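# Structural description and commentary
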Amino acid sequence: MMDVNIIGGGVIGLSIAYELVKQGLTVAVFDRQQFGEEASWAGAGMLPPAKMECATTPGGQLRAASQPLWPEWSRCLQEESGIDNGYLNCGGLHVSLSEEVADWQNYVDDWRRTGTVVEELDSVSLRERAPFLSEQIQSGFYLPEMGQVRNPRHMKALLSACASRGVALHAGAPVIGFKTEGENVTGVRTPSGVHRAGQTVIAGGAWSPEVLSRLGIQCDLIPVQGQIVLLSMKRLLFRQVIEAGRRYLVPRSDGKILIGSTEKQAGFNKENTAEGVAGLIAFAQSVVPGLKEATFERAWAGLRPKSIDGLPYLGRVAGYQNLIMAAGHYRDGLQLSPITAKLIRQLICGEEPEISLEPFSCSRGIQTD
Ligand SMILES: Cc1cc2nc3c(=O)[nH]c(=O)nc-3n(C[C@H](O)[C@H](O)[C@H](O)COP(=O)(O)OP(=O)(O)OC[C@H]3O[C@@H](n4cnc5c(N)ncnc54)[C@H](O)[C@@H]3O)c2cc1C
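Let me sum up the structure you'll find in this document. Just so you know, these numbers come straight off a predicted model, no measurement behind them. (Residues numbered from 1 in each chain as written. Predicted model: local features only at pLDDT ≥ 70, side-chain atom pairs only at ≥ 80, totals over all residues. Heavy atoms only, no water.)

### Notes on the overall build of the protein chain
As a reminder of what qualifies: Working definition: helices are DSSP H or I runs of at least four residues, strands are E runs of at least two. Numbering for both runs from the N terminus. Only C-alpha atoms enter the radius of gyration; for comparison, a globular chain is expected to reach 2.2 Å times N to the power 0.38, where N is the number of residues. Burial classification: accessible surface area is computed with a 1.4 Å probe over protein chains only, and a residue below 20% of its type maximum counts as buried, one above 50% as exposed, and the rest as partly exposed. Contacts were defined at the residue level, with two residues in contact if any of their heavy atoms lie within 4.5 Å.
Secondary structure assignment for the protein chain yields ten helices and 20 strands. In terms of overall dimensions, the protein chain is globule-like: its C-alpha atoms have a radius of gyration of 21 Å, near the 21 Å expected for 369 residues. Here the C-alpha coordinates of the protein chain stretch approximately 65 × 40 × 40 Å along the principal axes. Within the protein chain, the proportion of its 369 residues that are buried is 55%. For the protein chain, the proportion of contacts with a sequence separation of at least 24, taken over those separated by at least 6, is 72%.

### Description of the sheet that holds strand β5 (residues 119–121)
This is how the line gets drawn: Note on pairing: two strands pair once DSSP finds at least 2 bridges between them. Helix axes are fitted to C-alpha atoms over the stretch in contact, other axes to C-alpha atoms as well, and angles between N-to-C directions run from 0 to 180 degrees.
Reading across the sheet, the eight strands line up as β5-β6-β4-β14-β15-β16-β13-β17 and stay open at both edges, with mixed pairing between neighbours. Of all the strands in the sheet, the pair left with one neighbour each is β5 and β17 (295–307). Taking the axes of each pair of neighbouring strands and ignoring which way they run, one obtains an average angle of 20° across the sheet. Strand direction decides the pairing type here: strand β4 (residues 92–95) and strand β14 (residues 241–244), joined by three bridges, are parallel.

### Things to note about unusual backbone geometry
Of note, the bond from Gly 260 into Ser 261 is cis; its omega dihedral lies within 30 degrees of zero at -25°. Structurally, the position occupied by Ser 261 is in the loop between β16 (256–260) and α9 (274–287). One non-glycine residue, Tyr 330, lies in positive phi territory at about 50°. Relative to the helices and strands, Tyr 330 resides in the loop between β19 (323–327) and α10 (337–348). The class of Tyr 330 is buried, set by a relative accessible area of 15%.

### Quick word on α10
The line we're drawing: Multiplying 1.5 Å by the residue count of a helix minus one yields the expected span of that helix.
Here α10 contains twelve residues, and its C-alpha end-to-end distance of 16 Å stays within 8% of the 16 Å for a straight helix at 1.5 Å per residue. Most of α10 sits inside the fold, with eleven of its twelve residues counted as buried. Within α10 the residues assigned to the buried category are Ser 337, Pro 338, Ile 339, Thr 340, Ala 341, Leu 343, Ile 344, Arg 345, Gln 346, Leu 347 and Ile 348. Positive phi appears at Gly 350, one or two residues downstream of α10, with a value of about 75°.

These figures capture arrangement, not role.
Quick look at the structure:
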């Protein structure tokens, strides 16, 4: 019998497992396939800056609490796994394409209100700082504190650290049911049998509603597909993340460049479309014309788990004493994974969570029959 069963071995499930096992709890994680192969692998790994003293919204508070945890998480994971997750303070350039100019000043002000350092750039200083940008782009600003992580490597590091600390890792083990006694979930059922634990955490990303349905619980959470194109160059033209509206370019240190991302409700479909791939490549070239010379490597799509209001569900599920939800992180699950793990650990260990979980309550979109 374990202290905690976790359903889902994406960045959220494995981060929670790592945080719990470090406190001496016994933990099992179940994934229906190999660990970390869904959204947590597919994402771009951008880690935007935020400051707690300026955070005015619940989402802003989560972001501000998570950001300072990254350096220490990355250091510990590297020490324990020998894997460098590529965490990097690379800086970020936000540029304005013509169709987005109308909102530009509001956008700059929004960033300033988060308390992060914003260097506004006119057309001359923009050209000096970023000579690789298209001449069509006339305004931009620079965020020196923007970071990134190579999420596929981060997943490997998490998995390895969990394994060496003794987390019971069950790959190819879909949770297909639960064992309950009154208001308690006493175990999860997989094809190999029932695995008992004192508490159960659902971290099934976009598949969480299906998992909850096995307890007769309805969950308002949908998959939102995002496509990414990967290019590579022998010599990187730029080293900072470049964002324009909701699309972006993320350069990796080995010359790979991620172009993201589309956003579409397409059920659980993870196929790339000609329109999606062509649109992303055209976007990339319109921002950095030199990318015309880049090599096309591959494209993929992932499913972001989106809750009723875009904020994650974090906390206990009504109707059960010991069932906890940690899903619905939408576009921010990688950046929010350290703070999510900490908050869920605090909840499980009976401590006061350092951020109120009220705004993330499951009652927003999860109903027990
Ligand atoms: C294109 C794209 C770009 C993104 N970019 C960023 C970014 O730059 N920064 C950022 O912070 N976030 C980003 N995100 C969002 C981020 O990737 C997600 O929010 C995050 O990965 C969600 O993690 P998760 O662990 O909840 O879900 P997942 O990674 O999807 O993991 C859920 C796991 O549950 C397992 N599972 C499902 N059903 C069962 C079952 N019945 N039994 C056992 N296991 C089950 C699945 O196999 C899966 O491994 C991006 C996402 C996409 C798609």
